[in-house]
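Commentary on secondary and tertiary structure
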Amino acid sequence: MRRARCRFVAYRDALKLPKALTVHSARHSYVTHLTENGVDRRFLQQQVGHENDSSTAIYTHVSDDFMNTMLHRALAPALAPFPADKDR
């Protein structure tokens with residue numbers, strides 16, 4: 001892993017990218033982007049080698065737009081207008 005990290009840093013620095021960009025931050029981005037694109041959580045968990053889904057969830061930093069869309073989808077059935085009574 002040290003070799004990969006050193007190579008990553010060399011490329012990052014050569015491209016004049018921010019020092020905040022690390023292998024670890026790229027890992028977080030990978031999980032977040034795949035989550036926002038609907039990739040199965042179990043697959044993601046296996047990809048990053050986490051034993052528990054809760055660990056994978058900590059890695060995920062979804063956007064406000066994504067969070068709002070998912071919340072709307074989850075609540076839509078409960079907030080839908082009640083169908084008109086057919087007996088009237």
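Look up a bit, the structure's there.
This text gives an overview of the structure that appears in the document. (Residues numbered from 1 in each chain as written. Predicted model: local features only at pLDDT ≥ 70, side-chain atom pairs only at ≥ 80, totals over all residues. Heavy atoms only, no water.)

Points about a nonpolar patch on the surface
Filter applied, for reference: Each patch is assembled from residues with relative accessible area greater than 30% and no salt bridge, linking like charges that lie within 9 Å and nonpolar side chains (Val, Leu, Ile, Met, Phe, Trp, Tyr) that lie within 5 Å. Each accessible area is a Shrake-Rupley result for a 1.4 Å probe, and residues are judged covered by the shown protein chains and nothing else. Take a side-chain nitrogen of Lys or Arg and a carboxyl oxygen of Asp or Glu: if they are within 4 Å of each other, that pair is a salt bridge. We call a residue buried when its accessible area falls under 20% of the maximum for its residue type, exposed when it is over 50%, and partly exposed in between, using a 1.4 Å probe and counting protein chains only.
A cluster of nonpolar side chains, namely Tyr11, Leu15 and Leu17, defines an oily patch on the protein surface of about 340 Å² accessible area. By relative accessible area, which is 36% here, Leu17 ends up partly exposed.

Some remarks on the side chain of Arg12
For the record, the criterion: Strands here mean DSSP runs of E at least two residues long; helices mean DSSP runs of H or I at least four residues long; both are numbered from the N terminus. Residue contacts are counted whenever heavy atoms from the two residues lie within 4.5 Å of one another.
Within the fold, Arg12 resides in helix 1 (residues 2–14). Using a relative accessible area of 8% as the deciding quantity, one classes Arg12 as buried. Setting aside residues up to four positions removed in sequence, Arg12 forms contacts with Leu17, Pro18, Lys19 and Leu21.

Considering helix 1
Residue pairs three or four apart in sequence face the same way in an α-helix, which turns once every 3.6 residues. Note the following rule: Under the convention used throughout, the expected extent of a helix is 1.5 Å for every residue step, that is, one less than its residue count.
Between the first and last C-alpha of helix 1 there are 18 Å, a value that for 13 residues agrees with the 18 Å anticipated at 1.5 Å per step. With its phi angle positive at about 55 degrees, Lys16 sits one or two positions after the end of helix 1.

Structural notes on unusual backbone geometry
Across the chain, the bulk of peptide bonds are trans and the bulk of non-glycine residues have phi less than zero. Backbone geometry at Lys16 places phi at a positive 55 degrees, although glycine is not the residue there. Of note, Lys16 is situated in the loop between helix 1 and helix 2 (23–36). Judged by its relative accessible area of 73%, Lys16 falls in the exposed class.

Notes on the pattern of salt bridges
Tallied over the entire structure, the rule returns 3 salt bridges. The residue Asp13 makes a salt bridge to Lys19 at a minimum N-O spacing of 3.2 Å. We classify Asp13 as partly exposed; its relative accessible area is 33%. Where Arg41 meets Asp53, a salt bridge forms, and the shortest distance between an N and an O atom there is 3.4 Å. Remark: Asp53 occurs in helix 4 (residues 53–59) and Arg41 occurs in helix 3 (residues 41–48); sequence separation between them is 12 residues. Relative accessible area serves as the criterion here: at 27%, Arg41 is assigned to the partly exposed category. Because the salt bridges share partners, they merge into one network encompassing Arg12, Asp13 and Lys19.

Some details on the side chain of His50
The condition that has to hold: Any pair of N or O atoms that falls within 3.5 Å is considered a polar contact. Within protein, one atom must be able to donate a hydrogen and the other to accept it, and sequence-neighbouring residues count only if both atoms are side-chain atoms.
Note that His50 resides in the loop between helix 3 and helix 4. Side chain to side chain, His50 and Thr56 meet in a polar contact 2.9 Å long. Beyond its immediate chain neighbours, meaning those up to four positions away, His50 contacts Arg27, Gln45, Ser55, Thr56 and Tyr59.

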